[in-house]
Structures are given as structure tokens and as C-alpha cells.
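Architecture at a glance
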Amino acid sequence: MNRRIRCLTLWMVLTAVVFGTTKAWGAVVYVKGQNEPVAGFVESADDTSIRLRIQTPDGEELTRQILRTEIDLLLQPVSPSRLSQLSPDNPTAYREYAEELVEKKSDPEAVETAKRLFMIAAHLDPQTEGRSALLGMTPLMNDPLGVKQLRAMAYLLDPSHDAALLEGKPQAATTGAALDEKLREEVIKVLRMLRQGDRADARQQLQRDEIRQGMRQGTSKITPDECLALVQGLCPGCEQGKIPPYMLQKLVAAELELSTSQAAQEVKPQWGFFLDGMFQKPLPVLSLAKAIGFDPRKCVYLDGEWVEPSQ
């Protein structure tokens, strides 16, 4: 990794320590010698290590201490300064930032923040932003009933009342088509070469038609042309062997997408759904405020907390 990226990593860690934020911030950590990143919340950091709180797939939490010398790359997907610039006067900005964070699903803070921003946008401007914000949130929901509720609210807010919104199909995630295992690993290897600054080998691999085709098919985050521009130093900020932050984000997003991609499964409602025990129970109240446990009235990010705007 080049010196510029190492300095950026060190700055991100020291910023959280020096300014003493009491709330743990989310991070994605690439450990040297390991292919898969580690995502969690940074509970503490000092000159020698950082301590991550990690949530396991079964909902349990564990902590992991990672030495600074073991870190190859550290990313903070959620920007506190970006959050502090959001204003209730511009509901669209909340949704647009949420859509950016959806692509960083490996980070738990990015997921939670995206949910909140989508909900705030729908609350501030339900007629304009409600439908797209609620549908944009559905890929982040693990609860099928929660997805149905969001779709029902989107249907009610949609001026055309499109019945297709009630079909119960999860919104398609922005992932590419499935690749065979060998080609997928080769494309990931090329992305890793680019991220680590090994441009000569990456350039050689990008001359192969199957690699370029596999990249087009397997990821929507970066294109072969963008990768070639990076190795040739032709993209803005790519001169003299540097990797600009916007290109680094594309590389990491593509690598994560290919590492975690699975065939999408469509869920089609059956008649039996309407005849089971749930049909006899009271219907849940559709409420933006109760949909995900966040109060959308608290839409101003101030000193690390979400608060209601001052009158």
C-alpha cells in the first residue's frame, strides 16, 4: 500500500482518539494476509491497536483487538462531517447519502445510518421522497414482515398506487450476475492488485478478454475501462501511482460485492399466506416512526447525536 493511504488510515484512527467521540464508529478493516475484511464498531484505539466490536450472523457480539502493524487498510464508510451538513430543508440529500451507504453493506454502522436517512427523507417529504426512500430501505431489512410493511407504506405514498409494490419481492440489490468460482477468484485477485498498487500485474491481467468480461458480469461497482484508466494513470488523481479515494472506494466495493455475491431469490406470495395464523391477528399499524425504531423527527446530526431541529 502506498504511503498516502497509510497516512489516511492513521489520520482516521487518530481523529477518533484525539477528539474523543464517545460513540463507537463503524469501520471496515483489511488485515494483512487475510482476504476477507473485518467489519465492526471501533470501541477504542491507541498508538498500537484498535478494538473492534463485531456482530456475528447469529446476533451475538464479540470483540477483537487488532494491532496497528497488522492493518493493511482501514475504511470509515460513514462520514460524520457529511451527516452534520444534512438539513431538513433538503430531504433529497438524506436519501442520496443513504443510497451511497447501501453499497457498503459490510459495515454495520453504514447499514443503520442508511436506514435512518431513508426514514428521515420519507418523513420530511413523503410525497416526493417517500416511495423511493422506503423501497431503497428494503434490501437492508432482515425481517420479511418489515419488508412487507415498508412496501405497504410505499404503496400508500405512491401517487399512482402501483399494485406491483405489494408483490412482496425484495428490491434487487445492485449486484452483478453469478460467476463460476475460478473466474470470480481471478477477478477479485485483479481488484486486489489494483488496490495494493500492483499496477504492472493488474495491467497484464486486464488484457485478458475473460477477465474484462467477468468484471462486467460480476460487479456493478467498477468497469474494466475504469481499471485500465487507473493502471495507466489516466483517471483524475491517478497520476504518479496514486489511488484517489473515489477509486479506492470503487475497488473495495467491487471486491466486497464479488466476495459476498449470491444468486438473488425472489419470494412470491402464495394463497396460503393469507390463510395462516397471521391472518387472524390484528394488522400492524403502518407508521414511519415505528418502522425501524428510529424517530425521524430527530433529523439533525449535532455533536455525534441525532436531535430535533431547533425552532
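Residues numbered from 1 in each chain as written. Predicted model: local features only at pLDDT ≥ 70, side-chain atom pairs only at ≥ 80, totals over all residues. Heavy atoms only, no water.

As for the overall build of the chain
Looking only at helices and strands, one finds 11 helices and seven strands in the chain. Residues classed as buried in the chain amount to 42% of the 311 residues present. Residue pairs at least 24 apart in sequence account for 59% of intrachain contacts in the chain once pairs closer than 6 positions are excluded. Total accessible area computed for the chain in this model is approximately 17,500 Å², and 53% of it derives from carbon and sulfur atoms. (Helix = DSSP H or I, 4+ residues; strand = E, 2+ residues; numbered from the N terminus. Buried < 20%, exposed > 50% of the residue type's maximum accessible area, 1.4 Å probe, protein only. Contact = heavy atoms within 4.5 Å. Areas by Shrake-Rupley, 256 points an atom, 1.4 Å probe, with all protein chains shown as cover.)

Some words on helix H6 (residues 144-157)
Here H6 contains 14 residues, and its C-alpha end-to-end distance of 20 Å stays within 8% of the 20 Å for a straight helix at 1.5 Å per residue. Within the span of H6, buried status applies to Gly146, Val147, Gln149, Leu150, Arg151, Ala152, Met153, Ala154 and Leu157. Of the surrounding elements, those touching the buried residues of H6 are helix H4 (108-124) and helix H5 (126-137). (Expected span 1.5 Å × (residues − 1).)

Description of the pattern of salt bridges
For the structure on display, the rule yields 17 salt bridges. Here Arg53 and Glu43 are joined by a salt bridge, their closest N and O atoms 3.1 Å apart. One end of the pair, Arg53, is in strand S3 (residues 49-55); the other, Glu43, is in strand S2 (residues 38-45), with 10 residues separating them in the sequence. Glu43 sits in the partly exposed class, given a relative accessible area of 40%. Residue Asp295 is joined to Arg297 by a salt bridge in which the shortest nitrogen-to-oxygen separation is 3.0 Å. Taking the relative accessible area as the measure of exposure, Arg297 reaches 48% and is therefore partly exposed. Each of Glu43, Arg51, Arg53 and Glu61 takes part in salt bridges that share partners, so that together they form one network. (Salt bridge = Lys/Arg side-chain N within 4 Å of Asp/Glu carboxyl O.)

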